[in-house]
Amino acid sequence: MKNFELKHASSFEEAASMLADGAMILAGGTDMIYSMKGMHTPNLPDTLVAISEIPNADYIKEENGYIKIGALAKLCDIAADKTVMSKAPALSQAAKLVASPELRNMGTIGGNICQRPRCIYYRNEFDNWPCARKHKGGLCYAISGVHRYHSIFGGVGGCMAVCPSDTAVALVALGASIVTTKKTWAAADFFKVPSKEFGTARGEQINAIDSDEVVKEIQIPSSGNEKSTYVKWAFRKAIDFPQCSAAVVIKSGKANIALGGVYNEPKYFEGVDISDPSAAGASVVAKATEISNEGDASNSFDKLDHYSNGYKIDITKTIVKRAIISLK
Amino acid sequence: MLVLDENTKFEDFKVLGNPDVHDQSGKEIVLGKTDFAADHFTGHKYFGALKSSTIMKGTIKSIDTSEAMKIPGVKAVITYEDLPLLWSPTITRYGQEVAGVVADNFYTAVRATQAVKIEYEEATDGVFDPDVAMIGKDADGNPVSSGIVPGNIMPVITLYRNPDMIEGVGADPGFELSDYVKEYKFPWSNSYTHNCLEAHQTLAWWIGDDMYFYTGTQDINYIKSYIVLAKYMPGYPSNKIHGVTHFNCGGYGGKSLDCLVPQALAMSKKVGGYPVLCKNTRQQNNMNRGRTFACTSTIKLGVKKVGNDFKFEACDAKFYSDGGHNTATPCGDVHWGLRTTYTIPYATMKTHLVFTNSTTRHYWRCVNDPPGAMNYDTAIEKLAYDLRDDMGYKGTPYDLRVSNMRTQEMGDQDFGNSGVSNYYAYGLHYSKYWGAFAIKDLYEKAYEASGYKTKWHDAHTKTVDDLYHNGDTRWHGIAITGHHDSHGVINGGSQRGGIIRAHDDGTFTVLTGSARGCSGGTTVCCNVVAEVLGVSADKVKLGDWGNTDTTLPGGVQAGSSHTVSISTTFYNTAVLLRWKIFNAAMAHPTFYGQATSVDDFDVEDGVIFLKKNPEVRAPYATILAKNAAIAASSNGWEIEETYTGMGPMLGKFTGYYAETENNTDQFGRIRGGAWRSKGNYLKRGDYVTCNGAAAAACEVAVDPETGEVEILHYWNVVDAGTVMFRKGAEKEIAAGAECAHNMAFFFGDIYDEKYGKLLSTQYTEAMMPTYMDMKTEDHDLILYESRDVGGPFGCHGIAEPCVTNYVSVFLAIYNAIGVWINPEKGNIGPDRVLKSIKRATKDGYSIDKIGARVK
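Keep in mind that this is a model prediction, so the values were computed, not measured.

Here is what the cut-offs are and how they apply
Residues numbered from 1 in each chain as written. Chains lettered and ligands numbered in written order. Predicted model: local features only at pLDDT ≥ 70, side-chain atom pairs only at ≥ 80, totals over all residues. Heavy atoms only, no water. Helix = DSSP H or I, 4+ residues; strand = E, 2+ residues; numbered from the N terminus. Rg over C-alpha atoms; globule rule 2.2 N^0.38 Å. Buried < 20%, exposed > 50% of the residue type's maximum accessible area, 1.4 Å probe, protein only. Contact = heavy atoms within 4.5 Å. Areas by Shrake-Rupley, 256 points an atom, 1.4 Å probe, with all protein chains shown as cover. Lys, Arg positive; Asp, Glu negative; His and termini not counted. Charge placed at Lys NZ, Arg CZ, Asp CG, Glu CD. Axes fitted to C-alpha atoms, helices over the stretch in contact; angles between N-to-C directions. Parallel < 35°, antiparallel > 145°, perpendicular 65-115°, else oblique. Nonpolar A, V, L, I, M, F, W, Y, C, P; charged D, E, K, R; others polar. Salt bridge = Lys/Arg side-chain N within 4 Å of Asp/Glu carboxyl O. Pairing = 2+ DSSP bridges. Buried area = accessible area lost by both parts, 1.4 Å probe.

## Regarding the overall build of chain A
Scanning chain A from terminus to terminus reveals eleven helices and twelve strands. Over its C-alpha trace chain A gives a radius of gyration of 19 Å, about what one expects of a compact globule, namely 20 Å for 328 residues. In terms of overall dimensions, chain A has a C-alpha envelope of 55 × 50 × 30 Å along the principal axes. Counting the 328 residues in chain A, one finds 62% classified as buried. In chain A, of all internal contacts separated by at least 6 residues, the share reaching a separation of at least 24 is 66%. Element-wise, carbon and sulfur atoms account for 52% of the exposed surface of chain A, whose accessible area totals about 11700 Å². Here chain A contributes 37 positive and 35 negative side-chain charges, whose respective centroids are spaced 5 Å apart.

## Quick look at the packing of helix 11 (residues 311-327) of chain A against helix 21 (residues 830-842) of chain B
Interaxial distance between helix 11 of chain A and helix 21 of chain B falls to 10 Å at its minimum, and their mutual angle equals 100°. Taken together, helix 11 of chain A and helix 21 of chain B sit at an angle that is classed as roughly perpendicular. Contact residues: A:Tyr311, A:Asp314 and A:Ile315 in helix 11 of chain A; B:Asp831, B:Leu834, B:Lys835 and B:Lys838 in helix 21 of chain B. A class-by-class count of the residues in the contact of helix 11 of chain A with helix 21 of chain B yields three nonpolar, no polar and four charged.

## A closer look at the pattern of salt bridges
All names here are of chain A. This structure, assessed with the given rule, holds 43 salt bridges over all chains. With a closest N to O distance of 2.5 Å, Lys-2 and Asp-46 form a salt bridge. Of this pair, Lys-2 sits in the segment before strand 1 (5-8) while Asp-46 sits in the loop between helix 2 (32-38) and strand 3 (47-50), placing them 44 residues apart in sequence. We note a salt bridge from Arg-118 to Asp-31, for which the minimum N-O separation is 3.4 Å.

## Topic: the sheet that holds strand 30 (residues 709-719) of chain B
Residue and element names in this part refer to chain B. Ordered by their spatial adjacency, five strands build an open sheet running 19-20-29-30-33, and the pairing between neighbours is mixed. Here the strands that pair on one side only, and so sit at the sheet edges, are strand 19 (463-464) and strand 33 (779-784). Here strand 30 runs beside strand 33; their pairing, made up of six bridges, is parallel. Note that in strand 33 the partner of Trp-715 across the bridge is Asp-780. The strands touched by helix 12 (residues 439-450) within the sheet are strand 20 (474-485), strand 29 (692-702), strand 30 and strand 33, with strand 20 carrying the most contacts at an inclination of about 160°.

## Quick notes on the pairing of strand 9 (residues 201-207) of chain B
Looking down a regular strand, the side chains alternate between one sheet face and the other. Residues and elements named next belong to chain B. In terms of burial, strand 9 is a largely internal element, six of the seven residues being buried. Note: strand 9 against strand 12 (residues 276-279), four bridges, orientation antiparallel. The residue bridging Leu-203 from the neighbouring strand is Leu-277, located in strand 12. The sheet contact formed by strand 9 and strand 10 (residues 210-215) spans six bridges and is antiparallel. Its bridge partner lying in strand 10, Trp-205 is registered against Tyr-212. Two successive antiparallel strands, strand 9 and strand 10, enclose a turn made up of two residues, where Gly-208 displays a positive phi of approximately 60°.

## A closer look at the interface of chain B and chain A
At the interface, 44 residues of chain B touch 39 residues of chain A. Summing the contributions of chain B and of chain A, the shared interface buries around 3900 Å²; its carbon and sulfur component is 54%. Sorting the residues of chain B by area buried against chain A places B:Arg111, B:Leu759 and B:Met767 first, and these three jointly supply 14% of that buried surface. Where chain B packs against chain A, one counts five salt bridges. Between A:Arg322 and B:Asp703 there is a salt bridge; the shortest N-O distance is 2.7 Å. Put simply, the parts of the chain that give the side of chain B that touches chain A at least two residues each are helix 3 (106-115), helix 8 (282-288), strand 31 (751-752), strand 32 (757-758), helix 18 (763-766) and helix 21 of chain B. At eight residues, helix 21 of chain B tops the list of elements feeding residues into the side of chain B that touches chain A.

Dropping the structure here:
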């Protein structure tokens, strides 16, 4: 384990002020401590700022037309909250599918949307694979290697790792906002990967917030998201990350759809025609392919070759179709 | 009073097989009191960590330890010079141990290993891909070499058989006699994890010239007598080597070099004998310990039409196993699964070891386990479908299997009763005699329980209720497989001893040399003693175990071997103790003058009485009040019959028993195991095969759109011989069934093939299954007691035989969708189901067409 100094903050603002010199936030600890023990990156902090003692930051409440969730709300509580279950079921379902009961009991929603990538190369102990995400000029070993949990729509900044968060996908589809110590983000913007900073600690983030910015609250419109669901396709039914996932919200006969496990960030599509669920699944995949082909072609790999991870394309189509059918 | 002979009524046992008897050590396990190496010397020890190579082939040019030694808290660094018999400057695989650091705490030690600078001369001709290794050239035509054996391939075992017992004739005459011949080639399977749950750790220290170690292993005496002496200090006096193990790291651990004992001892020696706790990181544990072999095969089968049946006439099978850099036999026991389960008059079986520079692979017995079984079982299943297509066969795959099964009367095709024995592997010398031969019974039970007769259908012709109620279709499939298996075999390494102490309150303590097995191996020892002494199970307690200073090297080790010898050992020891107590009783006032020999006594519920006058009686406590006794015995196996280099542990036992024609000695003890039925007793030195066996039926639903496979029901039928500890046996076979499920879908190492490195170094990545992935309520576990004739009680290894039947899942998937899944060096996960469907679709197959299938 990397040695570190532990500091405690009594407010999010105080925590943000303590994030100088590369310090990082420690909330539930389910990802951060794992990283410190595994020493998988050279960009680990010398200081951790614990925020778990910040008072009244784990609420789940309905207020002013929003479901408001404190950053320290536990995933288990979100999964079981009746308001979330009835008014934003996709988030409840996503929270319920994170890891295992023990980890959901410790893990927070803030931590879940601030975790690091789950690439098998990136996470390997002792930085055995100096990959592009954590080393300037590093390679993406997944391109030639193992990429079941990687993008099927090309990479960003040479990295094929995907956003591993279940709740992130749901939040994007639900049109959520994320309130930090600096600003309020639209979820779809929040999860833009800071690819220009790959090779630094910030570049390892799965979101775009600054290094001294702390998530305080999640806000979800409390009406219009009732017909929503989250479907996850993983090898294991517990303690696994999505190889493909889809959050679908049906509003006014159209669907807002976010795809997970298939790109660096949740892929979001608004107003998808759902008159033919099969066609809807195929259309979002076609659009995603089209968009990725507009990007850096050198980042694409084997993406439609069913001998690698192209099977995820078919599964994505299917889970989108089934999600729509389940809501109709 | 228990006396084993042909009249023994096993149904009358009061302790053995009693479902109310609990695990002697289960309470400690569930309360977390099980002691690991790290639990000892808390606060008064150093910590050791190991450094692994970052190349897969080459040599170490230099090692610079100066920076590591400057780190505060670092006490010493060891290199291959400190372990010349175990470590080498020659690198043959990624992750090979190249140095170790001793420090104040483990994390400092780990960090210091990063500061040990090693300069390598990396070879450019290393090889990771076994296909490339077999060819000897890479895609550009450049020669490649593992550097271990010339050509990277070593034939390991060749078996021949024909009706005239002429070795070397092989299969060709059989093919000439066959009406139908088909050859099946199988791609490389994956290499499975056979690893412990806890990363290995050993605490070692020296006091003067005595070495001490505490580790996790199945067999502490093996570590002492083989690992320490062969790999660390050859010729060292055995009475100066002291080892303890109380827990075997989850059942898989510690059969060979994975105990870290030499490493920890070398580290301790380097710091003046101070205790050092040497640990693997999880990554190292996964890189260096317990991988099993990948396999590829070509299997040619010939059958002859006899009436409406087709009989196996010939088999020519070639198995190739990727053993990494390891030299253990990988394929030897395909024999068990194929040749001892089915009758095949003319056969040639050849196995080969392919050497690559991939991570350490270990030998998991019973058919090179899953890969080998996957191949030959699939070959037989394919043959059945092909016979239906091409030869008008009306039977099912089950019918083909059962109609070709061997029976006990047929003896062994390759050795033993048949008079030909050319199966020698690393000193293993299997028996002349068969024990139980219940495989056909197991098949029939699986057949009946599963409803196979009405459920089996031609491939891709039956659907199940739609899971999602969305109009999508799932396809139904069913299959049955089963095999004989090497587990439970008596072998020469079983010279084992037991110790029982009788207390003056009429209770008894058992001291056994084995580690605590997963499901109560130590409890089995106690149960045998209770049965023989005629007391209830609660009167016999487990004392020390797995301690080379205080126990004899006897006991059950997981589910692998010694299954029979353990019952011999403690039966013998208990009989000896009973004989001593009865002798004492003769002198006791209660019985004085009324008994002329120990044969005049009997015992029931802990009370000794005269057979001729049962009212003259006294509890054990009365007799033992002034005559507390200890009994220690060995089971009399021939010491010269050792395996894998294991030598005598307590001196030479040869000649310990009087040479008589009888199978018992003067104490009535069983000598060397016995046939206990048909009045047929083994002579001393004879060997009996009492292999385990299991069959399984699997019923699945396959979702062709996501590749997901649901096991609708799984019937796991296991021949336990005689159940010695029912709760433990039930747990073992349940675990075996779950393991089969895991093998099918989850287990599997993940390698980066370009760089030759193992990626699945942590359990999140290695896809250890979760309980959420198994509906155990849909697993039927059927214990079949075949009443084997081997050993005093006739018990079998029971857990691992179940594992191999994971192939039934694979075959059921074919029955569902009509497509053979290409494992692509992996498991048969949903991704591979989808890929295989897609490949087939390119060749004209359609999932939407009922009955469509791929040959």
